[in-house]
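For reference, the chains in residue letters:
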Amino acid sequence: MVVSSDATFASVLERELGKDFEIHAAATTVAASVLLDSYTYSCVVVDGTVPDLPIDKLTVPVVVAEPEGITVDSIRVIVEKVRRIV
């Protein structure tokens, strides 16, 4: 699952990972909570744009993306981290 209020970031990650994984995106803490209650995830990617998400309480691996912006290199790093976890 991708948790980000940045629609571009979520969309790029969905495009990159969607070939190999089922991806859900949430732009708010409420949406993320609903998805976390509804599905079983192998990994959650967060970018810091949803600051009240209690990532310390998640029981799945979390990949934290740097919120400085989307670059080709940062997306590649995130994709590789997710693939190593899953």
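The rules we used
Residues numbered from 1 in each chain as written. Predicted model: local features only at pLDDT ≥ 70, side-chain atom pairs only at ≥ 80, totals over all residues. Heavy atoms only, no water. Phe/Tyr/Trp six-rings, centres within 6.5 Å; stacked < 30°, edge-to-face > 60°. Buried < 20%, exposed > 50% of the residue type's maximum accessible area, 1.4 Å probe, protein only. Helix = DSSP H or I, 4+ residues; strand = E, 2+ residues; numbered from the N terminus. Polar contact = N/O pair within 3.5 Å; in protein donor to acceptor, adjacent residues only side chain to side chain. Contact = heavy atoms within 4.5 Å. Core = buried A, V, L, I, M, F, W, Y, C linked by side-chain atoms within 4.5 Å. Arc of directions from axis to C-beta. Pairing = 2+ DSSP bridges. Axes fitted to C-alpha atoms, helices over the stretch in contact; angles between N-to-C directions. Parallel < 35°, antiparallel > 145°, perpendicular 65-115°, else oblique. Left-handed = near helix turned anticlockwise from the far one by under 90°.

Asks: Would you explain the packing of aromatic side chains in this entry?
Replies: Between two aromatic rings, the relevant description is the distance of the centres plus the angle of the planes. Within this structure, the stated rule accounts for one aromatic pair. Here Tyr 39 and Tyr 41 contribute two aromatic rings whose centre-to-centre distance is 6.1 Å and whose plane-to-plane angle is 55 degrees, an arrangement assigned as tilted. The class of Tyr 41 is buried, set by a relative accessible area of 10%.

Asks: What exactly am I supposed to notice about the side chain of Ser 4 here?
Replies: Topologically, Ser 4 is positioned in the loop between strand 1 (2-3) and helix 1 (7-17). Within the structure, the side chain of Ser 4 is placed 2.6 Å from the side chain of Asp 47, a separation counted as a polar contact. Ser 4 has contacts with Phe 9, Ala 26, Ala 27, Asp 47, Thr 49 and Val 50, leaving out every residue within four places of it along the chain.

Asks: What is the right way to read the nonpolar core from this model?
Replies: Inside soluble globular proteins, nonpolar side chains tend to come together where they are buried. Within the largest apolar cluster, 15 residues are counted, with the highest numbers of intra-cluster contacts made by Val 2, Phe 9, Leu 13, Val 45, Ile 78 and Val 82. For this core, the secondary structure elements donating two or more residues are helix 1 and helix 3 (72-85). With residues up to four places along the chain from it excluded, the contact list for Ile 78 reads Phe 9, Leu 13, Val 45, Val 63 and Ala 65. Counting residues in hydrophobic clusters, the runner-up holds 11 residues, among them Met 1, Val 3, Ala 32 and Leu 35.

Asks: Could you clarify how one ought to interpret helix 1 in this entry?
Replies: Residues spaced three or four apart along an α-helix point in a common direction, a consequence of the helix completing one turn every 3.6 residues. Every buried residue belonging to helix 1 is among Phe 9, Ala 10, Val 12, Leu 13 and Leu 17, and all of these are buried. Here the buried residues of helix 1 occupy an arc of 165 degrees about the axis, which is enough to place them on one side. Exposed side of helix 1, more than 90 degrees from the buried face: Ala 7 and Arg 15 are the residues found there. On its buried face, helix 1 is in contact with strand 1, strand 2 (25-26), strand 3 (44-46) and helix 3. The opening residue of helix 1 is Asp 6, an N-cap whose side-chain oxygen sits 3.0 Å from the backbone nitrogen of Thr 8.

Asks: What is the right way to read the sheet that holds strand 3 from this model?
Replies: What links the strands of a sheet is backbone hydrogen bonding, and the strands pair in either a parallel or an antiparallel sense. Strand order in the open sheet made by the four strands is 2-1-3-4, with parallel pairing throughout. At either end of the open sheet lies a strand with only one pairing partner, and these are strand 2 and strand 4 (62-64).

Asks: What am I meant to see in the environment of Ile 78 here?
Replies: Note that Ile 78 resides in helix 3. Taking the C-alpha atoms as reference, Ile 78 lies 7.2 Å from Val 63; in sequence the two are 15 residues apart.

Asks: Looking at this structure, I do not really get the packing of helix 1 against helix 3. What am I missing?
Replies: Geometrically, a packed helix pair is captured by the angle between its two axes and the distance between the axes. At a minimum axis separation of 11 Å, helix 1 and helix 3 run at an interaxial angle of 50 degrees. Judged on the interaxial angle alone, helix 3 and helix 1 are oblique. Crossing handedness for the pair helix 1 and helix 3: right-handed. Along its contact with helix 1, which presents Phe 9, Val 12, Leu 13, Glu 16 and Leu 17, the element helix 3 presents Ile 75, Ile 78, Val 79, Val 82 and Arg 83.

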